[in-house]
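Topology and contacts: notes
Listed below, chain by chain, are the residues.
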Amino acid sequence: METTSRASNIPSKMKAWVYAHHGKPVDVLKLDLDVAVPQPTEDQVLIKVVAAGLNPVDFKRMLEMFIEADSPLPTVPGYDVAGVVLKVGSQVKILKEGDEVYGNINEKGLDHPKRYGTLAEYTAVEEKLLALKPKNLSFVEAAAIPLAIGTAYEGLEKTGFSAGKSILVLGGAGGVGTMVIQLAKHVFGASKVAATSSSAKLELLKSLGADLAIDYTKDNFEDLPEKFDAVYDAVGQSERAVKAVKEGGQVVTIEPVKALTAPAFRFILTSSGAMLERLNPFLENGKVKPVIDPRGTFPFSQGPEAFSYLETGRVTGKIVLHPIP
Ligand SMILES: NC(=O)c1ccc[n+]([C@@H]2O[C@H](COP(=O)([O-])OP(=O)(O)OC[C@H]3O[C@@H](n4cnc5c(N)ncnc54)[C@H](OP(=O)(O)O)[C@@H]3O)[C@@H](O)[C@H]2O)c1
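Reading the values: rules and limits
- Residues numbered from 1 in each chain as written.
- Predicted model: local features only at pLDDT ≥ 70, side-chain atom pairs only at ≥ 80, totals over all residues.
- UniProt positions renumbered as here; feature names shortened; annotations may be inferred.
- Pairing = 2+ DSSP bridges.
- Helix = DSSP H or I, 4+ residues; strand = E, 2+ residues; numbered from the N terminus.
- Axes fitted to C-alpha atoms, helices over the stretch in contact; angles between N-to-C directions.
- Contact = placed C-beta atoms within 7 Å.
- Buried ≥ 20, exposed ≤ 12 C-beta atoms within 10 Å, placed from the backbone.

Under an unreviewed UniProt entry, the name given to the protein is 2-methylene-furan-3-one reductase-like, and the organism recorded is Herrania umbratica. Its UniProt record gives the protein a comment under Sequence similarities (unreviewed entry), which states: "Belongs to the zinc-containing alcohol dehydrogenase family. Quinone oxidoreductase subfamily."

This is the structure in structure tokens:
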């Protein structure tokens, strides 16, 4: 392992949430006090994790849903991190010890995600997947952003979204949906943003930039007379979504569905530090804000409880583990 380091007090063992078998988080996730601290390779940095964001993919991996290209057990879950660089590999170009960074540590969402994730005191990650933490954001806020904003941005790009276009966001109150609404409106310059949620979350959708908030418990979005240039489906409703898109428009879905109806397509995100750097100005000027569930910050010791809440599918925005010991 080629590294240069002034960090002297990094222990060899750390606390981490680990699962050695597949199953429900509450059954399989165990706190392990004796996990080896990962050694950064030459293009990686070692981060002291200050806050770790949770994503549905974490519990879906635990449930053995992505077994084809998953990492071997035992696994430390966690994609999203905000923390401080403690040590840099010899090929690391820009980041240095002491930098406050954030990112999604798995370059390809489902293609061999790291065995040692972010639900730990330390994690090792490639420099190219990280960005400097926006100065105005806390570590908790920063940890709520990377995977969700990356998925939102990449999906919008893949639909060819641009200023003046209209969009319907299905699942507007979730981790991804809250970012799609904000990026479409405040970064891409949408002419109109519509989004769906249950009744209690409609005001949130509007506060994020939705011009039209649709209560899915009362109205069917596909029955609206208005059609959209793009539909972003974060729920798994692509069959209905294609009825809400204009002729020639695009429907992107991020949920696995058995059969996609044209023009709907699915993608799996790619993590990128450069993309976060590009979006940092919008986070720093407050146009795009992290959205954290009112009950969404759990101490490290409550990892399984945090997952139980996430698994309800009713979380508003994001859930973050903090403080990490
Ligand atoms: N392909 C990829 O690369 C990729 C990337 C990220 C995420 N994903 C997947 O995309 C999905 C969404 O991720 P996420 O992080 O946004 O999940 P999430 O934060 O857990 O989503 C929860 C939100 O979904 C809303 N919701 C549930 N059913 C709904 C419905 N029928 N209509 C409208 N809103 C509904 C809920 O609002 P209400 O309480 O109002 O219902 C809740 O606020 C997950 O399955 C995740 O695994 C895929």
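Back to the text.
This part takes up the sheet that holds strand β12 (residues 228–233). Across the sheet, 6 strands lie side by side as β11-β10-β9-β12-β13-β14; this open sheet has parallel pairing. In this open sheet, the two strands that pair with only one neighbour each are β11 (212–215) and β14 (264–266). Sheet twist, expressed as the mean angle between neighbouring strand axes with direction ignored, is 20 degrees. Note: strand β9 (residues 166–170) against strand β10 (residues 192–197), 4 bridges, orientation parallel. Paired with S166 across the strands is K192, a residue of β10. Lying over the sheet, helix α5 (residues 175–187) contacts β9, β10 and β12, oriented at roughly 170 degrees with respect to β10.

Within the element layout of this structure, G296 appears in strand β15 (residues 292–298). Given 22 C-beta atoms within a 10 Å radius, G296 is considered buried. Taking C-alpha positions, G296 is 9.1 Å from L310, a pair spaced 14 residues apart along the chain.

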